[in-house]
Amino acid sequence: MKVAVLISTYNGEKYLLEQIESLLSQEGDFEIQIIIRDDGSSDETLNILKKISNKTNRIMWYQGDNIKPAKSYIDLILNCGQYDFYCFCDQDDYWDSDKIKVGINALKNIYDPCIYYCNAKLVDDQLNTLGSNVYKKEPYNDIYTTMCASNVIGCTMIMNRALIDYIRKHESPQIISMHDSYMARVCLSIGGRIIYDKVPHMKYRQHSNNVIGIKSSFDGKIKQAVNLIMSQPSVTIDEQASEILRLYFDDIPNDNRKWLMIVSDYRRNILTRIYLALCKKTKYKSLTRSIEMRLAILLGNR
């Protein structure tokens, strides 16, 4: 079995070598290839990539324009070649030695589009545990909730060949929120599966330069909640649903298609907005998050 680990780097000199070390230490009966796209780094990242790629043939890399993480990872998917399994990987985390092995064992007998993802230990910038995991309880991975709020963190994901082959047969998305939520939404929309593993198999590093991190302080949580309710993301859920419908309409089962059409219409129709805000089909991780999400939808800020 062949596994591609896909990394988009950007000014990652501080933690990159440590992360790659954890990737090269993966245990299991498979071949691993680390494929890196640099998204326009201006620090020592390129020199690090040159040095490590000269030492092992398990690392390939190329440089591109700064197109931000979501599109950078889609570019990796489209250009990395053919493998049995594909992993998204951040430049600043640290993987347990069994991370890939456990994931492909969960996926290897599934031939329809499928995503596996695991829990992760929260650690500081020196990999010291912060005493908790990313997921306190099992997230909701149904299409209703995921189209409004995806729970899958990209660096924990392993995707099977069926999903990647499917994505490659279609036009590259022009509108994309984040690569992880996009892949999860497409997978569920076309009738695929998402498998969650409650056991953590990696360390999710929290530091000041995180593109997306977990807020642990009270002030941080308050600011995050206010931002979620009052601020509109760069790509809204209706825009993402519309793009998925545009690209994959004929392959989406009828019930899923109806739900995507509701989400795609929610900001244009006040009755649809109210329905989506109050809908019992969507389930969030806590009462607090449910209130935040439903208020954001009601205000048209999702």
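Residues numbered from 1 in each chain as written. Predicted model: local features only at pLDDT ≥ 70, side-chain atom pairs only at ≥ 80, totals over all residues. Heavy atoms only, no water.

Trainee: How would you explain the overall build of the chain if you had to name every residue and give the values?
Mentor: Counting its regular elements, the chain contains 12 helices and 9 strands. Its C-alpha atoms give the chain a radius of gyration of 19 Å, within 12% of the compact-globule value 19 Å for 302 residues. Projected onto its principal axes, the C-alpha positions of the chain cover 60 × 45 × 35 Å. By the burial criterion, 52% of the 302 residues in the chain qualify as buried. For the chain, contacts bridging at least 24 residues in sequence account for 77% of all contacts bridging at least 6. By element, 50% of the accessible surface of the chain is carried by carbon and sulfur atoms, the whole surface being about 14,300 Å². One finds the centroid of the 39 positive side-chain charges in the chain at a distance of 5 Å from the centroid of its 36 negative side-chain charges. (Helix = DSSP H or I, 4+ residues; strand = E, 2+ residues; numbered from the N terminus. Rg over C-alpha atoms; globule rule 2.2 N^0.38 Å. Buried < 20%, exposed > 50% of the residue type's maximum accessible area, 1.4 Å probe, protein only. Contact = heavy atoms within 4.5 Å. Areas by Shrake-Rupley, 256 points an atom, 1.4 Å probe, with all protein chains shown as cover. Lys, Arg positive; Asp, Glu negative; His and termini not counted. Charge placed at Lys NZ, Arg CZ, Asp CG, Glu CD.)

Trainee: Tell me about the packing of aromatic side chains, residues and numbers included.
Mentor: Summed over the entire model, instances satisfying the criterion amount to 7 aromatic pairs. Between tyrosine 73 and phenylalanine 88, the ring centres sit 5.2 Å apart and the planes meet at 70°, which makes this aromatic pair edge-to-face. Pair noted here: tyrosine 73 is in helix H3 (residues 68-79) and phenylalanine 88 is in strand E4 (residues 85-89), with a separation of 15 residues, a long-range link. For the residue pair tyrosine 73 and phenylalanine 88, the accessibility class agrees, reading buried in each case. (Phe/Tyr/Trp six-rings, centres within 6.5 Å; stacked < 30°, edge-to-face > 60°.)

Trainee: Quick rundown of the environment of lysine 137? Include the residues and the values.
Mentor: As for its position among the elements, lysine 137 is in the loop between strand E7 (129-133) and helix H5 (143-148). Assessed through its relative accessible area of 48%, lysine 137 is described here as partly exposed. Each C-alpha atom, one on lysine 137 and one on arginine 257, is 29 Å from the other, the two residues being 120 residues apart in sequence. The contact partners of lysine 137, leaving out residues within four places of it in the chain, are Tyr196 and Lys285. A polar contact of 2.9 Å, which involves the side chain of lysine 137, links it to the backbone oxygen of lysine 285. (Polar contact = N/O pair within 3.5 Å; in protein donor to acceptor, adjacent residues only side chain to side chain.)

Trainee: Which residues make up the environment of leucine 245, and what are the values?
Mentor: Among the secondary structure elements, leucine 245 is positioned in helix H9 (residues 237-248). For the pair formed by leucine 245 and serine 189, sequence separation is 56 residues and the distance between their alpha carbons is 9.0 Å. If sequence neighbours within four positions are ignored, leucine 245 has contacts with Ile252, Arg257, Leu260, Met261 and Ser264.

Trainee: Help me get a handle on the packing of helix H6 (residues 161-168) against helix H7 (residues 179-189), residues and values and all.
Mentor: Viewed as axis vectors pointing N to C, H6 and H7 meet at an angle of 95°, and their least axial separation amounts to 11 Å. Viewed along their axes, H6 and H7 adopt a mutual orientation that is roughly perpendicular. For the pair H6 and H7, contact is made by Leu163, Ile164, Tyr166 and Ile167 and by Met183, Val186 and Cys187, respectively. Within the contact of H6 with H7, the residues separate by chemical class into 7 nonpolar, no polar and no charged. (Axes fitted to C-alpha atoms, helices over the stretch in contact; angles between N-to-C directions. Parallel < 35°, antiparallel > 145°, perpendicular 65-115°, else oblique. Nonpolar A, V, L, I, M, F, W, Y, C, P; charged D, E, K, R; others polar.)

Trainee: Tell me about helix H1 (residues 16-24), and name the residues and values.
Mentor: Turning to H1, its buried residues number three or more, namely Leu16, Gln19, Ile20, Ser22 and Leu23. Across the axial projection of H1, the buried residues extend over an arc of 155°, all falling on one side. For H1, the elements touching its buried residues are strand E1 (2-9), strand E2 (31-38), helix H2 (45-55), strand E3 (59-63), E4 and strand E5 (94-95). (Arc of directions from axis to C-beta.)

Trainee: Tell me about the pattern of salt bridges, residues and numbers included.
Mentor: With the rule as written, the count across this model stands at 13 salt bridges. In this structure, arginine 37 engages aspartate 75 in a salt bridge whose closest nitrogen and oxygen atoms are separated by 3.5 Å. Taken together, the residues span a long stretch of sequence, with arginine 37 in strand E2 and aspartate 75 in helix H3 at a distance of 38 residues. Taking relative accessible area as the criterion, aspartate 75 reaches 23% and is therefore assigned partly exposed. Here aspartate 96 makes a salt bridge to lysine 203, at a shortest N to O gap of 3.3 Å. Here aspartate 96, found in the loop between E5 and helix H4 (99-107), pairs with lysine 203, found in strand E9 (residues 193-205); they are 107 residues apart in sequence, far enough to count as distant. Here the salt bridges do not stand alone but share partners, grouping Arg37, Asp39 and Asp75 into one network. (Salt bridge = Lys/Arg side-chain N within 4 Å of Asp/Glu carboxyl O.)

Trainee: Can you explain unusual backbone geometry? Please cite residues and give values.
Mentor: Here asparagine 11, not a glycine, exhibits a phi torsion of approximately 45°, which is positive. Relative to the assigned elements, asparagine 11 resides in the loop between E1 and H1. With a relative accessible area of 31%, asparagine 11 lands in the partly exposed category. You will see that lysine 68, though not glycine, has its phi angle at about 75°, which is positive.

Trainee: Could you give an account of helix H11 (residues 270-278), with specific residues and numbers?
Mentor: Every α-helix carries 3.6 residues per turn, so stepping three or four residues along brings you back to the same face. Of the positions making up H11, those classed as buried are Thr272, Arg273, Leu276 and Ala277. Looking down the long axis of H11, one finds its buried residues gathered within 135° of arc, a one-sided arrangement. What points out from H11, more than 90 degrees from its buried face, is the exposed set Leu271 and Leu278. Between a side-chain oxygen at the N-terminus of H11 and the backbone nitrogen of leucine 271 the separation is 2.9 Å; the capping residue is asparagine 269.

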